[in-house]
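This is what each chain is made of:
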Amino acid sequence: MTAPAPQRPSDAPDGPGAPGASGCTEGPGPAAAAAGRDGAGLADAVGAGAGGVKPVADRPRISGAVWGALAIVYVLWGSTYLAIRITIETMPTFLSAGSRALTAGLLLLGLVAWRQGPAAVRVTGRQLGSAALVGVLLLTGGNGLVVLGEHSIPSGLAALLVAIVPLWMVLLPVAFGGARPRPAALGGVLLGLAGLAVLSSPAFGGDIAIGGVIAVVAATLTWAAGSFAARRISMPRNAFAASAYQMIAGGIASLLVALGRGEQHGFDPAQVSGRSWLALAYLVVFGSLVAFTAYAWLLQSAPLTLVATYAYVNPVVAVLLGWLVLAEPLTGPILLGGAIVVAAVCLVVSTERRR
């Protein structure tokens with residue numbers, strides 16, 4: 001999970017596969033070097049503002065820029081699970097998660113104020129409280145619990161478990177009096193739960209830590225709850241500023257959790273390995289800023305059914321990277337359960353987008 005969820009009314013589509021259904025979570029404008037104007041970067045993306053969604057007739061369909069931005073989201077967000085695993089080799093759980101979110105949020109807030117002016121980051125007390133609530137759910141509960149889970153389960157398995165978030169996004173509206181999902185979507189949910197059972201089966205045999213599985217599954221529920229809440233409470237209109245406040249609030253809350261857990265005791269920054277520092281920097285810059293910008297741009301520039309494919313491509317990237325870089329085993333339950341979950345998410349996303 002790598003970026004905060006976008007907010008209404010400017011850019012938040014309904015249904016699974018929508019923002020936050022992942023980073024984390026969380027604008028228009030081009031992203032990095034692959035989207036928008038040639039060579040346009042994060043500053044240009046933020047400078048473009050967070051205005052309303054373009055009319056459908058004016059949106060480019062599947063251009064080279066769209067494929068480039070998709071590649072950024074596929075690879076960078078898929079790689080964050082590996083980067084998290086490397087970060088926590090020598091860094092405490094919530095200290096690293098909180099530092100990442102807080103740093104990325106402050107950088108993004110400063111960038112928005114610089115490119116769009118101080119007015120872009122002004123919010124009401126109610127909007128700030130809403131952004132803080134969503135940020136705590138997404139980043140302290142969602143991302144923080146994923147980091148906690150990766151202490152005891154492979155990064156690829158964590159990514160596959162996180163892929164069930166869109167399934168919860170189908171069920172949550174029903175719990176609050178919303179419309180019942182279509183039969184095909186409900187079938188996808190049931191199929192996804194079956195895949196979750198297969199993925200979790202080694203934990204009951206003692207092959208993997210059940211605590212890690214429970215932590216990541218709990219993370220998917222809090223992430224889904226944060227995404228659900230973000231669409232129904234008063235949020236800052238500027239999507240970039242809202243995401244920045246979410247990351248700042250989530251980062252502060254994660255650091256408080258770290259202090260409550262006593263993670264600061266015995267922690268010596270000098271003992272952190274160089275590769276853990278590099279992984280943390282990668283998470284801040286590429287996971288939370290570059291990929292977020294690419295994803296936010298895609299929401300306004302590409303068909304949502306295409307954008308939603310990140311939900312089932314990211315786990316595949318994560319599993320492959322974990323296998324290649326950390327030699328994480330590709331066991332039968334991971335391969336079978338992962339295939340079932342990816343198929344279920346694909347079914348749910350494609351069904352719900354046709355509503």
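For clarity, every value in this text was computed on a predicted model and none was experimentally measured. (Residues numbered from 1 in each chain as written. Predicted model: local features only at pLDDT ≥ 70, side-chain atom pairs only at ≥ 80, totals over all residues. Heavy atoms only, no water.)

Novice: When you look at the overall build of the protein in this model, what are you seeing that I'm missing?
Specialist: On a plain count of helices and strands, the protein comes out with 13 helices and zero strands. N-terminal to C-terminal, the α/β element order of the protein is α-α-α-α-α-α-α-α-α-α-α-α-α. For the protein, buried positions account for 58% of its 355 residues. Accessible surface, the protein: about 13,200 Å² in total, of which carbon and sulfur atoms supply 68%. (Helix = DSSP H or I, 4+ residues; strand = E, 2+ residues; numbered from the N terminus. Buried < 20%, exposed > 50% of the residue type's maximum accessible area, 1.4 Å probe, protein only. Areas by Shrake-Rupley, 256 points an atom, 1.4 Å probe, with all protein chains shown as cover.)

Novice: Please explain the nonpolar core as it appears in this structure.
Specialist: The nonpolar side chains of soluble globular proteins are, as a tendency, buried together. Grouped together as the largest cluster of nonpolar side chains are 83 residues, with contacts concentrated most on L108, L161, L298 and V345. In terms of residues, this core owes the most to one element, helix α10 (residues 274-301), which gives 10 residues. Beyond its immediate stretch of four places on either side in the chain, V345 contacts A163, P166, L167, A311 and Y312. Counting residues in hydrophobic clusters, the runner-up holds nine residues, among them A83, I88, A97 and L283. (Core = buried A, V, L, I, M, F, W, Y, C linked by side-chain atoms within 4.5 Å. Contact = heavy atoms within 4.5 Å.)

Novice: Would you take a moment to explain the packing of helix α4 (residues 125-149) against helix α9 (residues 239-261) for this structure?
Specialist: A pair of packed helices is characterised by two quantities: the angle between their axes and the separation of those axes. Interaxial distance between α4 and α9 falls to 7 Å at its minimum, and their mutual angle equals 55 degrees. With respect to their mutual orientation, α4 and α9 come out oblique. Considering the relative orientation of α4 and α9, their crossing is right-handed. Judged by residue contacts, L128, A131, A132, V134, G135, V136, L138, L139, T140 and L148 of α4 engage A242, Y245, Q246, M247, A249, G250, A253, S254, V257 and R261 from α9. Its residues placed into classes, the contact of α4 with α9 shows 14 nonpolar, five polar and one charged. (Axes fitted to C-alpha atoms, helices over the stretch in contact; angles between N-to-C directions. Parallel < 35°, antiparallel > 145°, perpendicular 65-115°, else oblique. Left-handed = near helix turned anticlockwise from the far one by under 90°. Nonpolar A, V, L, I, M, F, W, Y, C, P; charged D, E, K, R; others polar.)

Novice: I would appreciate a short explanation of helix α2 (residues 64-87) in the present structure.
Specialist: Given 3.6 residues to a turn, an α-helix orients residues that are three or four positions apart in the same direction. Over its 24 residues, α2 extends 33 Å from the first C-alpha to the last, a length consistent with the 34 Å expected when each residue adds 1.5 Å. Counted residue by residue, α2 has 18 buried out of 24 residues, so it is predominantly covered. (Expected span 1.5 Å × (residues − 1).)

Novice: For this particular structure, what's the right way to read the environment of T351?
Specialist: Examined against the element boundaries, T351 turns out to sit in helix α13 (residues 332-352). As for T351 and A185, which are separated by 166 residues in sequence, their C-alpha atoms are 5.9 Å apart. Contact partners of T351, with chain neighbours within four places excluded, come to R182, A184 and A185.

Novice: Sorry if this is basic, but what is going on with α4 here?
Specialist: Its 25 residues place the ends of α4 34 Å apart at the C-alpha level, agreeing with the 36 Å of an ideal helix rising 1.5 Å per residue. The largest bend along α4 reaches roughly 25 degrees and is located at V136. (Bend = angle between axes of the 7 residues up to and from the residue.)

Novice: Even after reading the chapter, I still don't get unusual backbone geometry, so can you show me in this structure?
Specialist: Backbone phi values are negative for most residues with the exception of glycine, while trans is the configuration of most peptide bonds. The phi torsion at A327 lies on the positive side, around 55 degrees, for a residue other than glycine. Note on placement: A327 falls in the loop between α12 (310-326) and α13.

Novice: Explanation requested: the confidence of the model for the protein in the structure shown.
Specialist: As a note on interpretation, predicted positions should not be read in detail where pLDDT is low. Mean pLDDT for the protein: 79, with 80% of residues reaching 70 or above. Of the regions scoring below 50 in pLDDT, residues 6-41 engages in 159 contacts with residues more than four places distant in sequence or in other chains. Segment residues 48-61: pLDDT under 50, and 33 contacts once partners within four positions in sequence are set aside and those in other chains are kept. (pLDDT = per-residue confidence, 0-100.)

Novice: Would you mind going over the packing of aromatic side chains with me for this structure?
Specialist: Two aromatic rings are characterised by how far apart their centres lie and by the angle between their planes. Summed over all chains, the structure comprises four aromatic pairs. Aromatic side chains W77 and Y295 sit 5.0 Å apart centroid to centroid with 45 degrees between the ring planes, which places their arrangement in the tilted category. Remark: Y295 occurs in helix α10 and W77 occurs in helix α2; sequence separation between them is 218 residues. The pair formed by W77 and Y295 is uniform in burial state, with each residue classed as buried. When the centroid spacing of 5.2 Å and the interplanar angle of 65 degrees are considered together, the rings of Y295 and Y310 count as edge-to-face. Taken together, the residues Y295 in helix α10 and Y310 in helix α12 connect sequence positions 15 residues apart. For the pair Y295 and Y310, one class covers both residues: buried. In textbook terms, an aromatic cluster arises when at least three aromatic residues are bridged by ring pairs, as seen for W77, Y295 and Y310. (Phe/Tyr/Trp six-rings, centres within 6.5 Å; stacked < 30°, edge-to-face > 60°.)

Novice: Would you explain the environment of W323 in this entry?
Specialist: Within the fold, W323 resides in helix α12. Linking W323 and L82, residues 241 residues apart in sequence, is a C-alpha distance of 9.8 Å. Apart from residues lying up to four places away in sequence, W323 is in contact with E328 and L330.

Novice: Looking at this model, I keep getting lost on the side chain of T140. Mind explaining?
Specialist: On the secondary structure map, T140 appears in helix α4. Only 2.9 Å separates the side chain of T140 from the backbone oxygen of G250, close enough to count as a polar contact. Within the local environment of T140, its side chain forms a polar contact with the side chain of S254, the two groups lying 3.3 Å apart. If we ignore the near neighbours within four places in the chain, the residues touching T140 are F94, G135, L145, G250, A253, S254 and V257. (Polar contact = N/O pair within 3.5 Å; in protein donor to acceptor, adjacent residues only side chain to side chain.)

Novice: Can you help me understand the packing of helix α6 (residues 165-175) against helix α7 (residues 183-204) in this one?
Specialist: Running from amino to carboxyl end, α6 crosses α7 at an angle of 130 degrees, the nearest separation of the two axes being 10 Å. Considered as vectors, α6 and α7 are oriented oblique to each other. The hand of the α6/α7 crossing is left-handed. Contact with α6, carried on its side by L167, W168, V170 and L171, involves A185, G188, V189, G192 and L193 of α7 and no other residues of that element. Looking at the contact of α6 with α7 residue by residue, the class counts come to seven nonpolar, two polar and no charged.

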